[in-house]
Amino acid sequence: MELLLTKTSHSKLPITILLLLVLIPHVYPTSSGSKPSQASLNFIRQSCNTTTYPSQCIKTLTPYASSVGTNPLKLCNAALAVAIRATSNCSATVSKLSNQKGFKRAEGSAIKECIGELKDAVYELKETVNAMGHLGDADREFQWANAKTYASAAITDAETCIDGFLGRKASLKVKRMIRACVSEVEKYISNALSLINHLY
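Let us look at the structure shown here. The shown structure was predicted, so the numbers you read here are calculated from the model rather than taken from an experiment.

### Notes on the overall build of the protein chain
A count of helical and extended segments in the protein chain gives 8 helices and 0 strands. Along its sequence from the N terminus, the protein chain presents helices and strands in the succession α-α-α-α-α-α-α-α. With 200 residues in all, the protein chain has 46% of them scored as buried. Contacts in the protein chain between residues far apart in sequence, at least 24 positions, make up 79% of those at least 6 positions apart. Summed over all atoms, the accessible surface of the protein chain reaches about 10,400 Å², with 56% contributed by carbon and sulfur.

See the structure below:
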């Protein structure tokens, strides 16, 4: 998927991965011996109430309360970390499914296309992190727009995966398995995008 609102390209993916290592480790789940402040917990709840799936948002981001504090940017990075992990795991699940035998041609084709869409979604999310890492630059508005564009593209990739099974003969079991996996991915990405939209 080509995006016009970007200064980056697939050739710069290693830089994006480096940013992931630099930015996302600054947000990590709270250890068992660390208790987050009430202010941080309230901040996460209030922020999550602006998302499409607030309950899931609160559940998945509360473990990051101590490292997030009341910092909106760190909260966005935590949400992106969760979304990237979920999308990568879903991609791995569908990939394992594709290794099974006995699929019909149309079914196998849809699964293969879905894997490609999920890998694209992971790439888009990493590029979102890349753009977020430049919000301190002079072109903040441009980078913020990039972040929102890439996150939106990731949602589209996930939706395209599910749409690929429409009108194709595939077992109900396979459809349900993939839909359950990808639907969760969509929720995580949607919440991250909502938090990014409310960043400024």
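### Observations concerning the state of the cysteines
By definition, a disulfide links the sulfur atoms of two cysteines through a covalent bond. As enumerated under the stated definition, the model contains 3 disulfides in all. At a sulfur-sulfur separation of 2.1 Å, the disulfide partner of Cys 48 is Cys 57. Negative torsions about the S-S bond denote left-handed disulfides, and the value of about -65 degrees found for Cys 48 with Cys 57 makes this one left-handed. In this structure, Cys 48 and Cys 57 share a single accessibility class: buried. Covalent S-S linkage joins Cys 90 and Cys 181, the inter-sulfur distance amounting to 1.9 Å. One end of the pair, Cys 90, is in helix α5 (residues 72-98); the other, Cys 181, is in helix α8 (residues 172-197), and 91 residues separate them in sequence. Cys 181 carries the same exposure label as Cys 90, and that label is buried. Disulfides within the protein chain link the bonded cysteines, taken in sequence order, as 1-2, 3-6, 4-5.

### Quick look at the side chain of Ser 190
In this structure, Ser 190 sits in helix α8. There is a polar contact of 3.1 Å between the side chain of Ser 190 and the side chain of Thr 52.

### Some points on the packing of helix α6 (residues 105-132) against helix α7 (residues 140-163)
Between two packed helices, what matters for the description is the angle formed by their axes and the separation of those axes. Put simply, α6 and α7 touch, their axes get as near as 8 Å, and they point 165 degrees apart. When the axis of α6 is compared with that of α7, the two are roughly antiparallel. The hand of the α6/α7 crossing is left-handed. Of the residues in α7, those touching α6 at Cys 114, Glu 117, Asp 120, Ala 121, Glu 124, Leu 125, Glu 127, Thr 128, Ala 131 and Met 132 are Gln 143, Asn 146, Ala 147, Tyr 150, Ala 151, Ala 153, Ala 154, Asp 157, Thr 160 and Cys 161. For the contact of α6 with α7, the residue count by class is 11 nonpolar, 4 polar and 5 charged.

### Thoughts on the nonpolar core
Ranked by internal contacts, the top residues of the largest apolar core, which has 54 residues, are Leu 61, Ile 178 and Val 182. Listed by contribution, the elements that provide at least two residues to this core are α2 (38-48), α3 (54-61), α4 (65-68), α5, α6, α7 and α8. Counting residues per element, this core draws most heavily on α5, which supplies 12 residues. Look past the residues within four positions of Leu 61 in its chain and what remains in contact with it is Ile 44, Cys 48, Leu 75, Ala 78, Ala 79, Val 82 and Leu 195.

### Here we look at the packing of α2 against α3
Viewed as axis vectors pointing N to C, α2 and α3 meet at an angle of 150 degrees, and their least axial separation amounts to 8 Å. Taken together, the axes of α2 and α3 are roughly antiparallel relative to one another. The crossing of α2 and α3 is right-handed. Listed contacts from α3 to Ile 44, Arg 45 and Cys 48 of α2 are Pro 54, Cys 57, Ile 58 and Leu 61. Here the contact of α2 with α3 is composed, by residue class, of 6 nonpolar, no polar and 1 charged.

### Some remarks on the packing of aromatic side chains
Considering all chains together, one arrives at 1 aromatic pair under this definition. A cation over an aromatic ring shows up here: Arg 140 above the ring of Tyr 200, its NZ or CZ 3.9 Å from the ring centre. Lying over the aromatic face of Trp 144, Lys 148 brings its terminal NZ or CZ to 3.7 Å of the ring centre.

Rules used throughout
- For every chain, the first residue of its written sequence is number 1, and the numbers climb from 1 along that sequence.
- Restriction of local features to residues with pLDDT of at least 70 applies here, the model being predicted, together with a cutoff of 80 or more for giving and counting side-chain atom pairs; totals for whole chains, interfaces and linings are based on all residues.
- Only hydrogens and water are set aside when side-chain values are computed; all heavy atoms of the structure are taken into account.
- A run of DSSP states H or I qualifies as a helix once it reaches four residues; a run of E qualifies as a strand once it reaches two. Both are numbered from the N-terminal end.
- Type-normalised accessible area, obtained with a 1.4 Å probe on protein chains alone, sets the label of each residue: buried when under 20%, exposed when over 50%, and partly exposed for intermediate values.
- Here, residues are in contact when the closest pair of their heavy atoms is within 4.5 Å.
- Residue exposure ignores everything except the shown protein chains as possible cover, and the areas themselves are Shrake-Rupley values with a 1.4 Å probe.
- Disulfide assignment relies on a single distance test, namely cysteine sulfur atoms paired within 2.5 Å.
- For the purposes of these results, a polar contact is taken to be a pair of N or O atoms within 3.5 Å, where, inside protein, one atom must be able to donate a hydrogen and its partner to accept one; residues adjacent in sequence count only when each atom of the pair is a side-chain atom.
- Helix axes are fitted to C-alpha atoms over the stretch in contact, other axes to C-alpha atoms as well, and angles between N-to-C directions run from 0 to 180 degrees.
- Every angle not falling under 35 degrees, over 145, or within 65 to 115 is termed oblique; those three ranges are roughly parallel, roughly antiparallel and roughly perpendicular.
- Helix crossings fall into two classes, left-handed where the near helix is turned counterclockwise from the far one by less than a right angle and right-handed where it is turned clockwise.
- Each residue gets one of three labels, nonpolar for Ala, Val, Leu, Ile, Met, Phe, Trp, Tyr, Cys and Pro, charged for Asp, Glu, Lys and Arg, and polar for the others, Gly among them.
- Put simply, buried Ala, Val, Leu, Ile, Met, Phe, Trp, Tyr and Cys residues joined by side-chain atoms within 4.5 Å make one nonpolar core.
- Only Phe, Tyr and Trp rings take part, Trp by its six-membered ring, and two of them pair if their centres are within 6.5 Å. Stacked means planes under 30 degrees apart, edge-to-face means over 60, and tilted covers everything else.
- Counting as a charge over the ring demands two things of the Lys NZ or Arg CZ atom: a distance within 6 Å of the ring centre and an angle within 35 degrees of the ring normal.

That is the geometry; function is a separate question.
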